[in-house]
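Fold and geometry: a report
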Amino acid sequence: MQTKNRAVIGILLMVFLFFIILMVFATYTVKVFNDESKVFGSQNKKGQIAVVEVTGAIMSAKNTVELLERAEKDTTVKAIILRINSPGGAVGPTQEIYEEIRRIDEAYDPEDKESKGKPIYASFDAIAASGGYYLGAATRRIYASAGTLTGSIGVIMNFTDLSKVYEYFKVKQVPVKAGKYKDIGSPHRSMTNEETDIMNKMIKVVHRQFMRDIEATRKDKLKKEIIDLAQGQIFSGEEARDLGLVDELGGLWKAGRAIHKELNLEGDFALKYIKKKKKSGIWDLVDNLDEATTNIRLSTMVDYMPMLIFGK
C-alpha cells in the first residue's frame, strides 16, 4: 500500500514539476516576444500606413475586425494594408471581415480631411487562397509576389461516410432527431440523393456570393468571366496579375512605398503594425495559451467535420 502511495506521489510531483517548467518557459517566451515587439514598435511609431495581419485559417472574425477598427480610429494612420497569409477558412467569419473592410474603405474620401474612413489595400504573402483571396478582393488594390499562391475561388464541404467501418465493427448508430434532415451528412450513413441535391444547391448559392463579392470590386479588372476563374484553380501571383485577380506584383514594402507616394504622405515611409494589446501576468498567459489551443483546434476542425469553407 505504501509503495502505491509513493508511486502516486511521485507521479504527482513529476506532473507538478513539468507544469512549473512549462510555465517558466512560456513566461520567458512571452517576455521575449513582448520585448521584441516593443523594440520593433518603437521604430514604427511614426508610421502612417498600418499593417493588419491575417494569418492561418480564418475561423473567427473577432480579432481581425478589432485590429481593423483600431487602425481606423488611429488618427496617425492614413492607410491600411491587409497582410494576408491564409489558405482560407469558414465562410461566415470571412464574409464578416469582408464587410468591415468595405465599410472602412468606402467611408474614405480623399477630398474630405475629416473623412473617418481609411483606404485599404491588400498584400499577399506566401498564400492568399480562397477565403484569403476573398478578403483581398474587398480592398481597393491587391499586391502579390510573383510566386504567391492565390485564387482557389470556390466553396467546399467535406463529409466522411464511415458506414462500412461501423458495419465491419458491428457498431450501430441510432440517431434521435426532430427534423427529417437533421442528421444530414452524418458519418454513420450515406447521404440520400435528395440530401446530396440539398447540399449542392446550398454550395452553389454561397459560390455565387463569393463571385458576386469579387465582381463588386474587380469586375472591370478581370480578363475573363468570373465563372471561368472561380472553379477552384490555384494561380501564381504572376498568373493572377495577368488574369486581373491581382493588380501589381511586389512585396509588402514595395506596396507600402507605392501607397506612401500615391497618398502624398509627409515624412519618411514606415509601416505601423497593429497588434493585439498584450498584458503581462499569469492569467493573461493562461488566456494566450488557451487562445492558441482554440485556434489549433478550430483549424483542425476544418479537415475533420462538415463545415462550409472557402478553402481546399
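The coordinates are above.
As a starting point, this report considers the structure included with it. Given the structure is predicted, the values throughout are model-derived calculations rather than measurements.

Before going further, it helps to examine the overall build of the protein chain. Scanning the protein chain from terminus to terminus reveals 10 helices and 10 strands. Residues counted as buried form 40% of the 312 residues belonging to the protein chain. Counting contacts in the protein chain only where the partners sit at least 6 residues apart, residues at least 24 apart contribute 73% of the total. Total accessible area computed for the protein chain in this model is approximately 19000 Å², and 58% of it derives from carbon and sulfur atoms.

Attention shifts here to the packing of aromatic side chains. The final tally for this structure, using the stated rule, is 4 aromatic pairs. Centre to centre, the rings of Tyr134 and Phe210 are 4.6 Å apart; their planes meet at 25°, and the pair counts as stacked. Of this pair, Tyr134 sits in helix H4 (residues 131–137) while Phe210 sits in helix H6 (residues 193–218); the two residues are 76 residues apart in sequence, bridging distant segments of the chain. Comparing Tyr134 with Phe210 shows no difference in burial state: the two are buried. Their ring planes at 90° and their centres at 5.1 Å tell us that Tyr168 and Phe169 sit as a pair that is edge-to-face. Exposure class is identical for Tyr168 and Phe169. Each is exposed.

Bringing the packing of helix H2 (residues 62–73) against helix H3 (residues 91–106) into the picture now. Following both chains from N to C, one finds H2 and H3 inclined at 10°, their axes separated by 10 Å at the closest point. By the angle between their axes, H2 is roughly parallel relative to H3. Where H2 abuts H3, its residues Thr64, Val65, Leu68, Glu69 and Glu72 lie against Ile97, Glu100, Ile101, Arg103 and Ile104. Class assignment of the residues belonging to the contact of H2 with H3 gives a composition of 5 nonpolar, 1 polar and 4 charged.

If you look at the biggest cluster of nonpolar residues, it comprises 42 residues, and the most contacted ones within it are Leu68, Ile80 and Phe124. In this view, Phe124 contacts Arg83, Ile84, Gly132, Tyr133, Gly136, Ile142, Tyr143, Ala144, Ser145, Thr148, Thr150 and Val246; residues no more than four positions away in its chain are not counted. Core analysis: the next-biggest nonpolar cluster, separate from the first, contains 11 residues, Ile49, Ile81, Tyr143 and Leu265 among them.

Turn by turn, an α-helix covers 3.6 residues, leaving residues three or four places apart pointing in a common direction. Helix length check: H2 (12 residues) gives 17 Å between terminal C-alpha atoms against 16 Å at 1.5 Å per residue, within 8%. For H2, the full list of buried residues reads Thr64, Val65, Leu67, Leu68, Ala71 and Glu72. All buried residues of H2 project into a common sector of 160° when viewed along the axis, lining one side. For H2, the exposed residues lying more than 90 degrees away from the buried face are Lys62 and Lys73. Among the structural elements, strand S1 (49–55), strand S2 (79–86), H3 and strand S4 (120–129) are those in contact with the buried residues of H2.

We now examine the environment of Tyr143. Locating Tyr143 in the fold gives a position in strand S5 (residues 142–144). On the basis of relative accessible area, Tyr143 is assigned to the buried category, the value being 2%. Between the alpha carbons of Tyr143 and Leu252 there is a distance of 7.7 Å; along the sequence they are 109 residues apart.

This part covers unusual backbone geometry. In this structure, Ser130 is a non-glycine residue whose phi angle is positive, near 50°. Judged by relative accessible area, Ser130 falls into the buried class, the value being 0%. Located in the positive-phi region is Lys170, a residue other than glycine, with phi close to 55°. Secondary-structure assignment places Lys170 in the loop between helix H5 (163–168) and H6. Relative accessible area serves as the criterion here: at 77%, Lys170 is assigned to the exposed category.

Conventions used here
Residues numbered from 1 in each chain as written. Predicted model: local features only at pLDDT ≥ 70, side-chain atom pairs only at ≥ 80, totals over all residues. Heavy atoms only, no water. Helix = DSSP H or I, 4+ residues; strand = E, 2+ residues; numbered from the N terminus. Buried < 20%, exposed > 50% of the residue type's maximum accessible area, 1.4 Å probe, protein only. Contact = heavy atoms within 4.5 Å. Areas by Shrake-Rupley, 256 points an atom, 1.4 Å probe, with all protein chains shown as cover. Phe/Tyr/Trp six-rings, centres within 6.5 Å; stacked < 30°, edge-to-face > 60°. Axes fitted to C-alpha atoms, helices over the stretch in contact; angles between N-to-C directions. Parallel < 35°, antiparallel > 145°, perpendicular 65-115°, else oblique. Nonpolar A, V, L, I, M, F, W, Y, C, P; charged D, E, K, R; others polar. Core = buried A, V, L, I, M, F, W, Y, C linked by side-chain atoms within 4.5 Å. Expected span 1.5 Å × (residues − 1). Arc of directions from axis to C-beta.

Fair warning: the whole summary comes from geometry, so function is off the table for now.
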